[in-house]
Structures are given as structure tokens and as C-alpha cells.
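Overview (structure and organization)
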Amino acid sequence: MNSAKITADALRAMKARGEKIAALTAYDHPTARLLDEAGVPLLLVGDSLGMVVLGYPDTTFVTMAEMEHHVRAAARAQPRALLAADLPYHSCDTVADAAANARRLVAAGAEAVKAEGGRDILPQVRAIVAAGIPFLGHLGMLPQRVREEGGYHVKGKAAPEHLALLADADALAAAGAFAVVLELVTPPVAREITRRIPIPTLGIGSGPDCDGQILVTPDLLGLSPDYIPKHVKFRGHLGEQARDIVATWREMVTRRREPAVGDAPPK
Ligand code: KIV
């Protein structure tokens, strides 16, 4: 296997070659290592960590300090994959904040940053790119706006929303984004954007025709405690397995039966 470090340019080249990109979130050192060993080329320290790791109701509670903490942990895995990190809620409201907070994430170990929005954040995107930091866009359902929007709604059904998505995708590509996440975009619109822009699209709940797919890793592994989104069709059941292993071990301990070498944990 080619062991060269994955860069933003390498991901763009994958689109040019028609190679699909499988991206996942990683919030800690062991997960980043595991996903890297599995050959995933793009790891995202997503602010979804607020929900799946920190127990917040949505991503708007995540702070820069929390993002830096998790970026440092994932970066210690020194993955071959490109390690991107989310700019959390209100961390890039101004151009100065965007550039300063992107630099903080890079200082913590991120190799690229992601922010939610299109034409509304173009000056911030340009400042990040001008600082030499690879930028990953995020269009469609924007989780940081979940409270304003009253839920997680599919985007692109009505003509004005469809046209706005095309214009936002064009603008991000022109501003120098190396790829764009399309979250809960109707599959025909996601396909149209994918054909239209020169940079890779990474779909999440946006149909099969994007240049790649991105998932929240605990959703894929079956570790999310409360809710698994509908678009996660292929998934494991590690949460149930972990509970069984712990329950069996607890039983052994409480019955004063020493676990022995060769005891098989439950399947
Ligand atoms: O925060 C996150 O994990 C994300 C992915 C769902 C793309 O933005």
C-alpha cells in the first residue's frame, strides 16, 4: 500500500481519477489510529463530538477549547490521513476570528479546517485559505443552525434552496475550498453539485452520487447511545457488544470467579 501522507491536493486528485473518498470522524487517539490503519484518507474531528462524546443536545455547545483538546488527542496518532477539524459555533463570525481560530486548530494538530456555510462566510474562507490552511466546506443542513431551524431538515427540495446550494458550492470552490460536505441534500441536487464543481463532494444523507461519503464514526460502529440517523444503513453493534462484555465480566467478579486466560468474552 502507498504510505504517502494524504494531502488536500491528494483528495482533489482522487476526484479527478474517479476514486470515491470514504471519510469518518475521529475524536481521540485510538479511534484516529484505528481508522487510519483501515485506510480512511480523511479524518474529521467534527463538532459532532459535542453530541456523541460530550453529551450535549447539539453542536452549538462545543467550544474552541474542547475542539483543541480533541484535535490534540487525534493528532497524536500522526495519521497518514488528512486530519481536518471543525470550527465550532460562533468561532468564525468575523474574518479575524476565523483566521485566528483556524490557526489555533492547526497549532493543536489539525491539517485542515471545516466551517459551515457558503456565500455568507466567503470572506472568512478566503482568509483561511490565504493563511495557507486547507479549507473544507459544509453545505446543506448545517447542524450549528439546528436551533434556528427547529430540527434537521433535508435541503434542496424547493427551487430557491436548490439554486442557493449551487451558488454556494460554486463560491466555495472558487474561494479555494479543497472539498465540500453535503449534509442532507436531496440526492438529485447533490448529484448536480458533484458534476458541476471541480472539488470533491462528501455526502452525508445526500444519496450515493457524491464523490465520497462521510459518517459520524459512533453511528457507523453502533456506539451512539441515543439515536442513529436514518441514512446510516450499514452499521455495527459495538455498543451492544461492549455492554455484554462488561455485564459478563461484572458477573464473574461478583460471583468471585476469577477471569482466566482463555475465557472468551461474549460474541
Ligand atoms: O461534525 C461533524 O461530525 C460533521 C460531519 C457530520 C460531516 O460535520
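Note that this is a predicted model, so its numbers are computed, not measured.

1. Focus on the packing of helix α6 (residues 122–130) against helix α8 (residues 159–175)
When two helices pack together, their arrangement is given by the angle between their axes and by how far apart the axes lie. At a minimum axis separation of 9 Å, α6 and α8 run at an interaxial angle of 25 degrees. On the basis of the axis angle, α6 is roughly parallel to α8. Crossing of α6 over α8 shows right-handed handedness. Here L122, V125, R126 and V129 of α6 come into contact with α8, specifically with A171, L172 and A175. Classifying every residue of the contact of α6 with α8 gives six nonpolar, no polar and one charged.

2. Quick word on the nonpolar core
Core analysis: the biggest nonpolar cluster contains 56 residues, and L105 and F135 have the highest contact counts within it. Per-element tally for this core: the top contributor is α8, with seven residues. Ignoring anything within four residues of it in the chain, the contact list for L105 reads M64, M67, E68, V71, A85, D86, L87, A110 and V113. The next biggest cluster of nonpolar side chains, apart from the first, holds 18 residues, and it includes A112, V181, I204 and I214.

3. A word on unusual backbone geometry
Located in the positive-phi region is Q78, a residue other than glycine, with phi close to 45 degrees. Take Q78: it is sitting in the loop between α4 (64–75) and β3 (82–86). One non-glycine residue, H90, adopts positive backbone phi at about 65 degrees. Structurally, H90 can be placed in the loop between β3 and α5 (95–108).

4. What to know about the site of the ligand
Taken together, T25, L44, G46, D47, S48, D86, K114, H138, V181, I204 and V216 form the complete shell of residues around the ligand. Between the ligand and S48, the relevant distance is 2.5 Å, taken from an oxygen atom to a side-chain nitrogen or oxygen of the residue. Between an oxygen atom of the ligand and a side-chain N or O atom of D86, the distance comes to 3.0 Å. Starting from 260 Å² of accessible surface for the ligand in isolation, the protein chains cover 96%.

Conventions adopted
- Residues numbered from 1 in each chain as written.
- Predicted model: local features only at pLDDT ≥ 70, side-chain atom pairs only at ≥ 80, totals over all residues.
- Heavy atoms only, no water.
- Axes fitted to C-alpha atoms, helices over the stretch in contact; angles between N-to-C directions.
- Helix = DSSP H or I, 4+ residues; strand = E, 2+ residues; numbered from the N terminus.
- Parallel < 35°, antiparallel > 145°, perpendicular 65-115°, else oblique.
- Left-handed = near helix turned anticlockwise from the far one by under 90°.
- Contact = heavy atoms within 4.5 Å.
- Nonpolar A, V, L, I, M, F, W, Y, C, P; charged D, E, K, R; others polar.
- Core = buried A, V, L, I, M, F, W, Y, C linked by side-chain atoms within 4.5 Å.
- Buried < 20%, exposed > 50% of the residue type's maximum accessible area, 1.4 Å probe, protein only.
- Near = heavy atom within 4 Å.
- Polar contact = N/O pair within 3.5 Å; in protein donor to acceptor, adjacent residues only side chain to side chain.
- Areas by Shrake-Rupley, 256 points an atom, 1.4 Å probe, with all protein chains shown as cover.

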